[in-house]
Amino acid sequence: MPAAPSCPVPAVLAKLGPLHQHDTGRLCTHLQRVPDPRSRRGRWYPLVGLLLICACAVVSGARTITEITDWGQRATITVLEQLGIRRHLPGRRRAPSHATLTRLLAALDGDALDAAIGAYLAERDLTDVRVTGPAPWPAVAVDGKALSGSAHRQQRHRHLLSAVTHAPTITLAQREVGAKTGETAAFRPLLEPLDLAGVVVTFDALHSVEDQVRWLVQKKKAHYIAVIKGNQPTASAQLKALPWEQVPVAHTVSQAGHGRRESRSVKTMAIAANLGGIAFPEARLALRIHRRRQESGKRQTRETVYAVTSLDSHQASPADLGGYVRGHWGIENSSHHVRDVVFAEDASTVHTGNAPRAMAALRNLAIGRLRLLGADNIAKTTRAIRDAPEHAIWIWGITDSPLLPGT
């Protein structure tokens, strides 16, 4: 009897990869570091197998725990076997129930899961960016995001702080921000585990704190670009008082699309000899970025942003510096927007235990993996994977072929 025909590989998936030889089993190795929160008594499914089901479902576009459960129910016995789901007593493999997955995600150690996912994505990312990135230094943005739908009764919504590479947009680390401590207190613990030597770290005015910037440069051997606003009044006043009118525009760029046109101009100035320097640690250059935006049917808006950087003029050109600032702003579209639009993160009402953070981590994992494989349209790629579970296990390197015989 001939084997059942394999389903064809969609064109959008055929463009991905190729998978590296060391990818096989790599995700499993990292997920094994996540502690199992379940009691040993009555435990049937292996933790890594359950997490792999979640990863495969989310990379297939699953938005909720119910959709993750449905993916598992649709998976063939061959696929479940590849994921490490062992046979039940009647001799068949059975996918986990909604209750099993809900209890697991709520009880997971969020820090351990984020650390495992970040380590998995970081193994290739920074090395690749150093070689192929358009700028002379790889860049990481620190930015926060609220999980709006996680609020429940008297419980406030969860808030996460992430470290995300500029290009491609990969989440390397993530931490939950406490209601009382805020993002600033989570800045150093977030970046502490990362190798940031020779990396440019970008962040907004909220994180432009002198002690943290000094720690970045002196301890982590990183560079920074810090936006300066009213929370640093002395440095802000000094930057605005510099003779910008005497400085020519060093770089301009214009872009049009999605019903709007935007132009940006960049001026830079060495500040080591001006006013005894700027009242900000390790600052070498001052930046003045002027943006103009014209949306169809609306009035033109203008904004001027001031920043300082530890980079010298010989280390990065004005175009590079403008690109770094633009790259930081772009995290909103290339990461947060994808999580909200493709995976409906803001609409998710998951609120129990650590489940909101675990779901966010799984979305970061899926987006990061697809970016590293070269996907330029996450929505289209997840739709292509959705209808065939065997494609998902190929994405994670669990099998070296996108087709499994007999599926």
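Everything numeric in this text was worked out from a predicted model, so none of it was measured.

A. View of the overall build of the chain. A tally of helices and strands in the chain yields 14 helices and nine strands. Counted over contacts in the chain with a minimum sequence separation of 6, partners at least 24 positions apart contribute 67%. Surface accessibility of the chain: about 18700 Å² in total, with carbon and sulfur atoms responsible for 51%.

B. Spotlight on the side chain of threonine 381. Within the secondary structure, threonine 381 is located in helix α13 (residues 378-386). Accessibility expressed as a relative area gives 1% for threonine 381, which makes it buried. Leave out the neighbours within four places in its chain, and threonine 381 touches Val12, Leu13, Leu16, Leu370 and Ala375.

C. Structural context of a positive patch on the surface. A cluster of basic residues, Lys15, Arg63, Arg74, Lys380, Arg383 and Arg386, forms a positive patch at the surface. Looking at the positive patch element by element, the count peaks at three residues for α13. Summarising the element assignment, lysine 380 is placed in helix α13. Owing to a relative accessible area of 43%, lysine 380 belongs among the partly exposed residues under this scheme.

D. Region of the structure containing the pattern of salt bridges. Scanning all chains against the criterion turns up 17 salt bridges. The residue arginine 357 makes a salt bridge to aspartate 114 at a minimum N-O spacing of 2.7 Å. Taken together, the residues arginine 357 in helix α12 (residues 355-372) and aspartate 114 in helix α7 (residues 110-132) connect sequence positions 243 residues apart. Close ionic contact of aspartate 340 with lysine 145 constitutes a salt bridge, the shortest N to O distance being 3.0 Å. Here aspartate 340 is found in helix α11 (residues 318-341), whereas its partner lysine 145 is found in strand β1 (residues 139-147), with 195 residues between them in sequence. What makes lysine 145 buried here is its relative accessible area of 7%. Through salt bridges with shared partners, one network takes in Lys145, Arg339, Asp340, Glu345, Asp346 and Arg363.

E. Spatial organisation of the nonpolar core. Counting residues in hydrophobic clusters, the biggest one holds 102 residues, and the most contacted among them are Leu191, Leu216, Tyr224, Val308 and Trp396. Per-element accounting of this core gives the leading share, twelve residues, to helix α3 (residues 47-59). Excluding anything up to four places from it in sequence, leucine 216 contacts Phe187, Leu191, Leu196, Val201, Phe203, Lys221, Ala222 and Tyr224. Val200, Ile289, Leu311 and Leu321 belong to the second largest nonpolar core, which has 13 residues in total.

F. Layout of the sheet that holds strand β8 (residues 285-295). The strand order β3-β2-β1-β4-β5-β9-β8-β7-β6 describes an open sheet built from nine strands, whose pairing is mixed. At either margin of the open sheet sits one strand with a lone partner, and together these are β3 (171-176) and β6 (251-257). Between one strand and the next, the sheet's axes are offset by a mean angle of 20 degrees, whatever the strand orientation. In this structure, β6 lies alongside strand β7 (residues 260-270), joined through seven bridges in antiparallel fashion. By the bridge assignment for β7, threonine 252 is matched with serine 265. Each of β5 (223-228), β8 and β9 (301-309) is contacted by helix α10 (residues 233-241), which is oriented at about 110 degrees to β9, the strand it contacts most. Packing against the sheet, α11 makes contact with β1, β2 (158-165), β3, β4 (200-203), β5, β6, β7, β8 and β9, and its axis sits at approximately 30 degrees to β1.

G. The environment of alanine 167, seen in detail. Its place among the elements puts alanine 167 in the loop between β2 and β3. The class of alanine 167 is partly exposed, set by a relative accessible area of 40%.

H. View of the pairing of β2. The buried fraction of β2 amounts to seven of the eight residues, a majority that puts the element mostly inside the structure. For β1 and β2, the ladder comprises eight bridges, and the chain directions are antiparallel. The residue of β2 that forms the bridge with lysine 145 is leucine 160. Summarising the sheet, β2 and β3 pair through five bridges and their orientation is antiparallel. Residue pairing for β3: serine 162 is matched across the bridge by glutamine 174. Remark: five residues form the turn of the hairpin made by β2 and β3, two consecutive strands paired antiparallel.

I. The packing of α3 against helix α6 (residues 98-107), seen in detail. Viewed as axis vectors pointing N to C, α3 and α6 meet at an angle of 100 degrees, and their least axial separation amounts to 11 Å. Considering their axes alone, α3 and α6 lie roughly perpendicular with respect to each other. Mapping the contact onto sequence places Leu47, Leu50 and Cys54 in α3 and Thr100, Leu101, Leu104 and Leu105 in α6. Taken together, the residues of the contact of α3 with α6 break down into six nonpolar, one polar and no charged.

J. Quick look at the state of the cysteines. The full count for this structure, using the stated rule, is zero disulfides. Cysteine cysteine 54 shares no disulfide, and the gap to the nearest cysteine sulfur, in cysteine 56, comes to 9.5 Å. Given a relative accessible area of 0%, cysteine 54 falls into the buried group. The thiol of cysteine 56 is unpaired, and the distance to the nearest cysteine sulfur, on cysteine 28, comes to 9.2 Å.

K. View of empty space enclosed by the protein. Here the structure, examined in full by the defined rule, presents two cavities of 30 Å³ or more. As a volume, the largest cavity reaches approximately 50 Å³. Its residues assigned to classes, the lining of the largest cavity comprises four nonpolar, two polar and two charged. A volume near 40 Å³ is recorded for the second largest cavity. Together, Thr202, Phe203, Ile225, Val227, Val325, His328 and Trp329 line the second largest cavity. Broken down by secondary-structure element, the contributors of at least two residues to the lining of the second largest cavity are β4, β5 and α11. The leading source of residues in the lining of the second largest cavity is α11, at three residues. Class assignment of the residues belonging to the lining of the second largest cavity gives a composition of five nonpolar, two polar and no charged.

Rules of the game
Residues numbered from 1 in each chain as written. Predicted model: local features only at pLDDT ≥ 70, side-chain atom pairs only at ≥ 80, totals over all residues. Heavy atoms only, no water. Helix = DSSP H or I, 4+ residues; strand = E, 2+ residues; numbered from the N terminus. Contact = heavy atoms within 4.5 Å. Areas by Shrake-Rupley, 256 points an atom, 1.4 Å probe, with all protein chains shown as cover. Buried < 20%, exposed > 50% of the residue type's maximum accessible area, 1.4 Å probe, protein only. Patch = residues over 30% accessible without salt bridge, like charges linked within 9 Å, V, L, I, M, F, W, Y side chains within 5 Å. Salt bridge = Lys/Arg side-chain N within 4 Å of Asp/Glu carboxyl O. Lys, Arg positive; Asp, Glu negative; His and termini not counted. Charge placed at Lys NZ, Arg CZ, Asp CG, Glu CD. Core = buried A, V, L, I, M, F, W, Y, C linked by side-chain atoms within 4.5 Å. Pairing = 2+ DSSP bridges. Axes fitted to C-alpha atoms, helices over the stretch in contact; angles between N-to-C directions. Parallel < 35°, antiparallel > 145°, perpendicular 65-115°, else oblique. Nonpolar A, V, L, I, M, F, W, Y, C, P; charged D, E, K, R; others polar. Disulfide = S-S within 2.5 Å. 1 Å grid on protein atoms, 1.4 Å probe; cavity = no way out; pocket = protein on both sides within 12 Å on 5 of 7 lines; lining within 4 Å. Points joined across faces, edges and corners; volume = space filled by probe spheres on them.

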